[in-house]
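# Geometric and topological summary
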Amino acid sequence: AIIENILHVLPDTKNVAVVLGNSPFEQFWLEVLRKEFAPFADRLSFIWYNDRSFADILKHAAALPPHSAIYWHQMNVDAAGVVHRSGKALPTLYAVANAPIFDFNDAFFGGEIVGGPMNSVVEASRLTVAVAVRILGGEKAGDIKIPPIGFATPKFDWRQMQRWGISERRLPSGSEIHFRDPTTWERYYVQILL
């Protein structure tokens, strides 16, 4: 869904740089992502950042060729063995990147990422609390079946759309746009009506 979203909103994309660290956990995800992204290999060139230091990633992301996008998966430990926190690493990447950044985790929404279909932290939390209440009510955890959580309604950051020249017409049907500047009417309707 991430790659399809990138191609939907930026159909001229030719390169996708994938930000992923090099810890054992991240190496697991590297293999998963390579398999998932394989069907797009005839249309896109993937640049895998797992074997670079974060400093090298920053240099490369600042000089990506035109028609590039960045997919932020995670950066826990870079190839140089340096530990990073997403809360600091993502804004650092954003400050130098010359391509839009996409992610599926809505915990990062409202800052550096463009948007699209995302996992909802609120929905996952709601389901977790519901299960906890059932367990506290006496149900056995093994008896509780919860269906998989799909992506929430696609949402996009208006500020990022403006920065990267993404037209509202390119968004998937039903998408939500957040952080849009208010219209003149919305800003001054009280003064206008008085």
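Residues numbered from 1 in each chain as written. Predicted model: local features only at pLDDT ≥ 70, side-chain atom pairs only at ≥ 80, totals over all residues. Heavy atoms only, no water.

## Details of the overall build of the protein chain
To be explicit about the condition: For helices the rule is a DSSP run of H or I covering at least 4 residues; for strands it is a run of E covering at least 2, with both sets numbered from the N terminus onward. Residues are treated as being in contact if the distance between any of their heavy atoms lies within 4.5 Å. We get accessible surface area from the Shrake-Rupley algorithm with a probe of 1.4 Å; when it comes to residues, only the shown protein chains can shield them.
Along its length, the protein chain carries seven helices and seven strands. Moving toward the C terminus, one meets the helices and strands of the protein chain in the order α-β-α-β-α-β-α-β-β-α-β-α-β-α. With respect to the principal axes defined by its C-alpha atoms, the protein chain has extents near 65 × 55 × 30 Å. If you take every contact in the protein chain between residues at least 6 apart in sequence, the share linking residues at least 24 apart comes to 63%. Of the roughly 11000 Å² that the protein chain leaves accessible, carbon and sulfur atoms contribute 57%.

## Examining the layout of surface pockets
Stated precisely, the cut-off is as follows: As defined here, a cavity is a set of points on a 1 Å grid over the protein atoms alone where a 1.4 Å probe fits but cannot get out. A pocket is an open set with protein on both sides within 12 Å along at least five of seven lines, and residues line them when an atom is within 4 Å of a point. Grid points are joined across faces, edges and corners, and a volume is the space filled by probe spheres set on the points. Only Asp, Glu, Lys and Arg are considered charged in this grouping, and only Ala, Val, Leu, Ile, Met, Phe, Trp, Tyr, Cys and Pro are considered nonpolar; every other residue, Gly among them, is considered polar.
Considered as a void within the structure, the largest pocket measures approximately 440 Å³ in volume. Around the largest pocket, the lining comprises 22 residues; the ones closest to its centre are Ile-2, Leu-33, Tyr-71, His-73 and Phe-104. Those elements giving two or more residues to the lining of the largest pocket turn out to be α1 (2-9), α2 (24-37) and β3 (68-74). Per-element accounting of the lining of the largest pocket gives the leading share, six residues, to α2. Across the lining of the largest pocket, the residue classes tally to 14 nonpolar, five polar and three charged.

## What to know about the pairing of β3
This is how the line gets drawn: Throughout this description, buried means an accessible area under 20% of the type-specific maximum (1.4 Å probe, protein chains only), exposed means over 50%, and partly exposed covers the range between. One requirement defines pairing of two strands: DSSP has to find at least two bridges between them.
The element β3 is largely enclosed, with a buried count of seven among its seven residues. Bridge analysis of strand β1 (residues 15-20) against β3 gives six bridges, and the strand direction is parallel. Considered in β3, the bridge of Val-16 is made with Ala-69. As paired elements, β3 and strand β4 (residues 101-102) share two bridges and run parallel to each other. Its bridge partner being in β4, Ile-70 is matched across the sheet by Ile-101.

## So, the sheet that holds strand β6 (residues 155-157)
An order of β5-β6-β7 is seen for the three strands of this open sheet, with the pairing classed as mixed. Edge positions in the sheet fall to β5 (115-116) and β7 (176-178), since each has one partner strand and no second. Bridging between β5 and β6 involves two bridges; their strand directions are antiparallel. By the bridge assignment for β6, Gly-116 is matched with Lys-155.

## Quick word on the nonpolar core
Test applied: Buried Ala, Val, Leu, Ile, Met, Phe, Trp, Tyr and Cys residues form a nonpolar core when they are joined through side-chain atoms within 4.5 Å.
Judged by nonpolar contacts, the single largest core of 25 residues is most densely connected at Ile-3, Val-16, Val-18, Phe-37 and Phe-46. Sorting the residues of this core by element identifies α1, β1, α2, β2 (45-48), β3 and α6 (158-164) as the ones contributing at least two each. If one sorts the elements of this core by residue count, α1 sits on top with five residues. Membership of the second largest hydrophobic core comes to 22 residues, among which are Val-19, Ile-47, Ala-61 and Leu-90.

## Here's the deal with the pairing of β1
Defined as follows: Note on handedness: a crossover is taken as right-handed if, strands pointing away from the viewer, the path from the first strand over the helix to the second is clockwise.
Summarising burial for β1: six of the six residues are buried, a large majority. Of the two faces of β1, the one lined by Asn-15, Ala-17 and Val-19 and the one lined by Val-16, Val-18 and Leu-20 are each fully buried. Pairing of β1 with β2, which is carried by four bridges, proceeds in the parallel orientation. The partner of Asn-15 across the bridge, within β2, is Ser-45. Each parallel crossover has a hand, and the one from β1 via α2 to β2 is right-handed.

## A word on the pattern of salt bridges
Cut-off, in case you're wondering: The rule for a salt bridge is simple: a side-chain nitrogen of Lys or Arg has to be within 4 Å of a carboxyl oxygen of Asp or Glu.
With the rule as written, the count across this model stands at five salt bridges. Between Arg-159 and Asp-157 there is a salt bridge whose closest N-O contact spans 2.7 Å. With a relative accessible area of 37%, Arg-159 lands in the partly exposed category.

## A word on a nonpolar patch on the surface
Let me state the cut-off plainly: Like-charged residues are merged into a patch within 9 Å and nonpolar side chains (Val, Leu, Ile, Met, Phe, Trp, Tyr) within 5 Å, provided each residue has over 30% relative accessible area and no salt bridge.
On the surface, a cluster of nonpolar side chains totalling about 810 Å² of accessible area is made up of Trp-185, Tyr-188, Tyr-189, Val-190, Ile-192, Leu-193 and Leu-194. Following the sequence through the fold, Leu-194 ends up in the segment after α7 (184-193).

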